[in-house]
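Here is how the chains run, residue by residue.
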Amino acid sequence: MERRFVLAEDLTTVQRTRRSIENFRGDYQGLASLVQRSWGENSQQGLSYSAEFLESFLASPGASVSLAPAIYEDDALIGFASGFPRQVTVRGHSLRLITSSFLSVLPEYKKFGFGIALWTELVKRARSEGFDGMLNFCVDGEPMNRMVEGCCRRLNLPVLRIFSIRYMSSLLKPADFTASAARGGASDVEDFLNLAAPLVSSQPLAREWTVDEAEWQCLRRTGGIFAHTARDSRRGILTGYVIPILDSAGTRCLVVEDVLWDQLQPEERAELLGQFLSKAVSQGAQMATVPMLGYADLSAFKKFRFFPTRRVLHCYLTLFKDRFPLQPLSSMYVDAF
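Residues numbered from 1 in each chain as written. Predicted model: local features only at pLDDT ≥ 70, side-chain atom pairs only at ≥ 80, totals over all residues. Heavy atoms only, no water.

Participant: Help me out: how do you make sense of the overall build of the protein in this one?
Facilitator: On a plain count of helices and strands, the protein comes out with nine helices and 13 strands. Here the C-alpha coordinates of the protein stretch approximately 70 × 45 × 35 Å along the principal axes. Taken across its 337 residues, the protein has 55% of its residues classed as buried. Within the protein, contacts between residues at least 6 apart in sequence are counted, and of these 73% link residues at least 24 apart. Each charge class in the protein was averaged separately, 38 positive and 37 negative side chains, and the resulting centres sit 5 Å apart. (Helix = DSSP H or I, 4+ residues; strand = E, 2+ residues; numbered from the N terminus. Buried < 20%, exposed > 50% of the residue type's maximum accessible area, 1.4 Å probe, protein only. Contact = heavy atoms within 4.5 Å. Lys, Arg positive; Asp, Glu negative; His and termini not counted. Charge placed at Lys NZ, Arg CZ, Asp CG, Glu CD.)

In structure tokens form, the structure reads like this:
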């Protein structure tokens, strides 16, 4: 049965206005508007999530409205949070986590504590569904960092900033790339799973994929870009997606996710990356960015004029039970969004 929570009214609220936390109702156009308005106030430029992108993400394997609490004022969406299941191994410990994302509150409601209420509700729901903890990604300098740490203290939950992600970016000129539109298939997904599997033992934190998750990541997601190569027994795969950024021009950016090419020779990596960027340009990408997570050699990106940026994204790990001491990580393999 769905739980509903009536929030206390503040003094400026019109009498009889009803606010409640409930499952997200599926109004993706309203959600896209909410996220863009909320994130548009951040000091650093964010991404412009469309209704189609959000619907695709919230329909990804394991996603559920039970992990998507929303605040409605009467029938208007004014706040939202979501959690996405991730099976990971952390220093040999198998954990079922959620990645918290898309926490958003309309600007005119941000001073009333609704962000804290939504985050706390998401934790309650995740704990009741048996998850072991939560990952939060917070842009350096934004209030979200203090909120996560403060909420964990109030809930008596251990939390630690385990890793700080830096990025490289490049401008993409269409004249530099040859059009490429080939799509992946079932055998490519099998290669993806085989290439990702060794990272579970080689990295201090690594995501473990199901077949359904890998198919969505490689083949089904909105805006997805996928490139695969096979050289004798060697395989390599790159994944990502193209999305506009929150600027006046709606600049389209390729966000690189999986870099699975340890088996390839340096020149083979460069060739695969060129193929990957060509596919992104054919989908309108004007720039590209790749997170430096430490699990893959990114030297080939420098050959395509990728340079370090000032953007930093902090990763916080929260455990719902004191399973083991939290420690900073030297690298990790997990999707950061």
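Now that the structure is up, let's keep going.
Participant: I tried to follow the packing of helix H3 (residues 114-128) against helix H4 (residues 144-154) on my own but got confused; where do I start?
Facilitator: In a packed pair of helices, the relevant descriptors are the angle between the two axes and the axis-to-axis distance. Running from N to C, H3 and H4 point in directions that differ by 55°, and their axes come no closer than 11 Å. With respect to each other, H3 and H4 are oriented oblique. Read as a crossing pair, H3 and H4 show a hand that is right-handed. Here Gly-115, Ile-116, Trp-119 and Thr-120 of H3 lie close against H4, whose contacting residues are Met-144, Met-147, Val-148, Cys-151, Cys-152 and Arg-154. Within the contact of H3 with H4, the residues separate by chemical class into seven nonpolar, two polar and one charged. (Axes fitted to C-alpha atoms, helices over the stretch in contact; angles between N-to-C directions. Parallel < 35°, antiparallel > 145°, perpendicular 65-115°, else oblique. Left-handed = near helix turned anticlockwise from the far one by under 90°. Nonpolar A, V, L, I, M, F, W, Y, C, P; charged D, E, K, R; others polar.)

Participant: Please clarify how the pairing of strand S5 (residues 93-105) should be interpreted in this entry.
Facilitator: In summary, the side chains of a regular strand alternate between the two faces of the sheet. In terms of burial, S5 is a largely internal element, 10 of the 13 residues being buried. In terms of strand pairing, strand S4 (residues 76-90) meets S5 through 11 bridges, oriented antiparallel. Counted as the bridge partner of Val-88 is Leu-95 from S5. Counting the residues in the hairpin turn of S4 and S5 gives two residues, including Arg-91, whose phi is positive at 50°. With four bridges connecting them, S5 and strand S6 (residues 133-139) associate as parallel partners. Bridged to Ser-100 within S6 is Asn-136. Following the chain from S5 across H3 to the adjacent parallel S6, one finds a crossover that is right-handed. (Pairing = 2+ DSSP bridges. Right-handed = clockwise from strand over helix to strand, strands pointing away.)

Participant: Explain unusual backbone geometry to me, please; I cannot follow it from the model alone.
Facilitator: One can expect most non-glycine residues to show negative phi and most peptide bonds to be in trans. Phi at Asn-156 is positive, roughly 55°, even though this residue is not glycine. Relative to the helices and strands, Asn-156 resides in the loop between H4 and strand S7 (159-171). By relative accessible area, which is 70% here, Asn-156 ends up exposed.

Participant: So what exactly am I meant to see when it comes to H4 here?
Facilitator: An α-helix turns once every 3.6 residues. As a result, residues three or four positions apart point the same way. Those residues of H4 that sit buried are Met-144, Asn-145, Met-147, Val-148, Gly-150, Cys-151 and Cys-152. Summarising the contacts, the buried residues of H4 are in contact with S5, H3, S6, S7 and strand S13 (307-319). Two residues or fewer after H4 comes Asn-156, characterised by a positive phi angle close to 55°.

Participant: Just checking my understanding: could you explain the pattern of salt bridges for this structure?
Facilitator: Side-chain pairs of opposite charge can arise whenever the charged atoms involved come near each other. On inspection of all chains with the given rule, the structure shows 18 salt bridges. Between Arg-19 and Glu-73 there is a salt bridge; the shortest N-O distance is 2.7 Å. Taken as a pair, Arg-19 in strand S2 (residues 19-23) and Glu-73 in strand S3 (residues 69-73) lie far apart in primary sequence, 54 residues in all. Given the relative accessible area of 17%, Glu-73 is considered buried. Residue Arg-235 pairs with Asp-191 through a salt bridge whose shortest N-O separation is 3.2 Å. In this pair, Arg-235 sits in strand S10 (residues 234-244) while Asp-191 sits in helix H5 (residues 186-196), placing the two residues 44 residues apart along the sequence. Looking at Arg-235, the relative accessible area reads 23%, which means it is partly exposed. (Salt bridge = Lys/Arg side-chain N within 4 Å of Asp/Glu carboxyl O.)

Participant: Hey, could you run me through the environment of Ile-116 in this one?
Facilitator: Structurally, Ile-116 can be placed in helix H3. Classification of Ile-116 as partly exposed rests on a relative accessible area of 33%. As a C-alpha pair, Ile-116 and Ala-68 span 48 residues in sequence and 14 Å in three-dimensional space. Sequence-distant contacts of Ile-116, that is, excluding residues within four places in its chain, are made with Met-147, Cys-151 and Arg-154.

Participant: Hey, could you run me through the state of the cysteines in this one?
Facilitator: A disulfide bridge is the covalent bond that connects two cysteines by way of their sulfur atoms. A complete count under the given rule lists zero disulfides for this structure. In this structure Cys-138 is a free cysteine whose sulfur lies 8.8 Å from that of Cys-315, the closest cysteine sulfur available. Free cysteine Cys-152: the closest other cysteine sulfur is in Cys-151, separated by 7.1 Å. (Disulfide = S-S within 2.5 Å.)

Participant: Quick question: what am I supposed to make of the side chain of Ser-169 here?
Facilitator: Inspection of the secondary structure puts Ser-169 in strand S7. Accessibility expressed as a relative area gives 16% for Ser-169, which makes it buried. There is a polar contact of 3.0 Å between the side chain of Ser-169 and the side chain of Thr-289. Those residues within four positions of Ser-169 in sequence are excluded, and the remaining contacts are Met-287, Ala-288, Thr-289, Arg-305, Phe-306, Phe-307 and Thr-309. (Polar contact = N/O pair within 3.5 Å; in protein donor to acceptor, adjacent residues only side chain to side chain.)

Participant: Is there a simple way to think about the nonpolar core in this case?
Facilitator: The nonpolar side chains of a soluble globular protein tend to be buried, and buried together. Leu-254, Trp-261, Phe-301 and Met-332 are the most contacted members of the largest nonpolar core, which has 62 residues in total. Among the elements that line this core, the one with the most residues is helix H8 (residues 266-282), at six residues. In this view, Met-332 contacts Phe-137, Phe-163, Ile-165, Gln-203, Leu-205, Leu-293, Tyr-295 and Cys-315; residues no more than four positions away in its chain are not counted. By size, the runner-up hydrophobic cluster in this structure holds 56 residues, among which are Tyr-28, Leu-47, Leu-77 and Cys-151. (Core = buried A, V, L, I, M, F, W, Y, C linked by side-chain atoms within 4.5 Å.)

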